[in-house]
Amino acid sequence: MTDRGCFITLEGLEGVGKTTNREHVEALLKQEGISVLVTREPGGTDLGEQLRHLLLHASAPVSAEAELMMMTASRKQHVVEIIEPALSRGQWVLCDRFADASFAYQGGGRKLGADTVAQLHELMNIHLQPDITFLLDMPIADGLKRMAARGKPDRIEKEELAFFERARKAYLERAGSQPERVKVIDAGLALNAVQDQVSTALNAFLVNHRG
Ligand code: T5A
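My aim in this report is to walk through the structure given alongside it, one point at a time. Fair warning: this is a prediction, and the values are worked out from it, not measured in the lab. The written sequence of each chain sets the order in which its residues are numbered from 1. Only residues with pLDDT of at least 70 get local features here, since the model is predicted, and only at 80 or more are side-chain atom pairs given and counted; chain-wide, interface and lining totals rely on the full set of residues. Where side-chain values are given, they derive from all heavy atoms of the structure, hydrogens and water being excluded.

It is worth spelling out the packing of helix H2 (residues 46-57) against helix H3 (residues 64-88) at this point. Comment: axis = line fitted to C-alpha atoms, over the contacting stretch for helices; angle = value between 0 and 180 degrees taken between N-to-C directions. Secondary structure counts use DSSP, requiring at least four H or I residues in a row for a helix and at least two E residues in a row for a strand, with both numbered from the N terminus. Packing of H2 against H3 leaves a shortest axis separation of 9 Å and a crossing angle of 160°. Taken together, the axes of H2 and H3 lie roughly antiparallel to each other. Between H2 and H3 the crossing geometry is left-handed. Residues Leu47, Gly48, Leu51, Leu54 and Leu55 of H2 lie in contact with H3, whose contacting residues are Glu67, Met70, Met71, Ala73, Ser74 and Gln77. Residue classes follow a fixed rule: Ala, Val, Leu, Ile, Met, Phe, Trp, Tyr, Cys and Pro count as nonpolar, while Asp, Glu, Lys and Arg count as charged, and any other residue, Gly among them, counts as polar. Classifying every residue of the contact of H2 with H3 by side-chain character gives seven nonpolar, three polar and one charged. Any angle that is under 35 degrees is reported as roughly parallel, and any over 145 degrees as roughly antiparallel; angles of 65 to 115 degrees are reported as roughly perpendicular and all others as oblique. Helix crossings get a hand from a simple test, with the near helix turned counterclockwise from the far one by less than a right angle marking a left-handed crossing and a clockwise turn marking a right-handed one. Contacts: residue pairs with any heavy atoms within 4.5 Å of one another.

Okay, structure coming up:
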């Protein structure tokens, strides 16, 4: 029987360097002879990418609840169509954002609360948990500054600072309650220092995983 693959996620607010570090994690795993399927949320499937476009660029109003349901719809399709089949055939999966993002942005940022997010996941039968999560954390203003250098903000990036403060708090609370899984990385440092922290946490995970 094939061993199940590991599920790794990257989380954090806008501009903290998820994409940059995704490439780093992928390279580290490759050095270890592990090929990884790289994907993202919202998105990762045809349906998910269509929902992503709506979520980030809808010009019509989107209620907090509708936003949560669309994020969760994208996730359900992603889990069923891509992530679970890959893990079952022994493939490792590296995902840029997953359920923690809904706890942070919709639970915290949109003030829907962690219970509502958890209940919807329960109702939709989404029980998959990452084996390890890198939460890239840094002062919000610095991340937004990095994003601003990139050009036009999307619908969520246009939110007020208080929204991101609540999302960051929710992320850190989640990390505090699941320290074994969620590794908080100081993302405000120079890139090589950030990558060193990621390497250390990933190597410890690999040693532990291999027993
Ligand atoms: N969302 C998502 C929800 O609300 N609920 C959910 O359930 C889910 C799944 C998705 C949006 O959807 C929301 C959250 C988001 O608002 P996204 O595009 O996936 O949007 O997320 P973004 O955070 O916008 O992702 P980005 O790709 O735009 O940012 P990254 O990946 O965090 O940052 P990255 O790596 O592109 O880096 C940004 C810039 O900083 C530089 C990079 O070179 C780049 O220019 N940089 C550094 N500069 C200096 N020092 C470092 N250490 C640096 N690291 C990177």
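What follows deals with helix H5 (residues 114-123). If you check which residues of H5 are buried, you get Val117, Leu120 and His121. One side of H5 carries all its buried residues, which in axial view fall inside an arc of 100°. In H5, the exposed residues that point more than 90 degrees away from the buried face are Asp115, Gln119, Glu122 and Leu123. Of the surrounding secondary structure, the elements contacted by the buried residues of H5 are H3 and helix H4 (99-109). One or two residues past the end of H5 sits Asn125, with phi positive at roughly 60°. A 1.4 Å probe rolled over the protein chains alone gives each residue an accessible area, and that area as a share of the maximum for its type sets the label: buried under 20%, exposed over 50%, partly exposed in between. Taking the helix axis as origin, the arc is that swept by the directions to the C-beta atoms.

The next thing to look at is the packing of aromatic side chains. Aromatic contacts are taken between Phe, Tyr and Trp rings whose centres are within 6.5 Å, Trp giving its six-membered ring; a plane angle under 30 degrees counts as stacked, one over 60 as edge-to-face, and the others as tilted. Throughout the structure, instances matching the rule amount to five aromatic pairs. Judged by centre distance (6.3 Å) and plane angle (90°), the ring pair of Tyr105 and Tyr171 falls under edge-to-face. Residue Tyr105 is found in helix H4, and its partner Tyr171 is found in helix H7 (residues 161-177); the two are separated by 66 residues along the sequence. Each residue in the set Tyr105, Phe163, Phe164 and Tyr171 is aromatic and connected to the rest through ring pairs, giving one cluster. Sitting over the ring of Phe98, Arg75 keeps its end group 5.4 Å from the ring centre. By definition, being over a ring means that NZ of Lys or CZ of Arg is both within 6 Å of the ring centre and within 35 degrees of the ring normal.

Here the focus is the sheet that holds strand S5 (residues 182-186). Being paired, for any two strands, means DSSP has found at least two bridges between them. With respect to topology, five strands assemble into an open sheet ordered S2-S3-S1-S4-S5, the strand pairing being parallel. A single partner strand is all that each edge strand has here, and the edge strands are strand S2 (36-40) and S5. In this sheet, neighbouring strand axes are inclined to one another by 20° on average, regardless of whether the strands run parallel or antiparallel. Across five bridges, strand S4 (residues 132-137) lies against S5 in parallel orientation. Looking across to S5, one finds that Thr133 is bridged to Val182. Along the sheet, H7 makes contact with strand S1 (7-12), S4 and S5, crossing S4 at roughly 140°.

Turning to the site of the ligand, a few remarks are in order. Distances are taken per atom, and a residue is near a molecule or strand as soon as one of its heavy atoms is within 4 Å of it. The environment of the ligand is made up of 28 residues, and the closest members are Lys18, Thr19, Thr20, Ser102 and Arg150. Whenever a nitrogen or oxygen atom comes within 3.5 Å of another N or O atom, the pair is scored as a polar contact, on the condition that within protein one atom can donate a hydrogen and the other can accept it, and that pairs from neighbouring residues in sequence are kept only if both atoms are in side chains. At a separation of 2.4 Å, an oxygen atom of the ligand approaches a polar side-chain atom of Arg150. Interatomic distance of 3.0 Å between a backbone N/O atom of Leu189 and a nitrogen atom of the ligand. Computed with the Shrake-Rupley method and a 1.4 Å probe, the accessible areas treat only the protein chains shown as cover for residues. Alone, the ligand offers 1000 Å² of accessible surface; in the complex the protein occludes 83% of this. Of all elements in the fold, only helix H1 (18-31), H2, H3, H4, helix H6 (140-148) and helix H8 (191-210) reach the threshold of two or more residues within the shell around the ligand. Looking at the shell around the ligand, the element that brings in the most residues is H4, giving four residues. Grouping the amino acids of the shell around the ligand by side-chain chemistry returns 13 nonpolar, six polar and nine charged.

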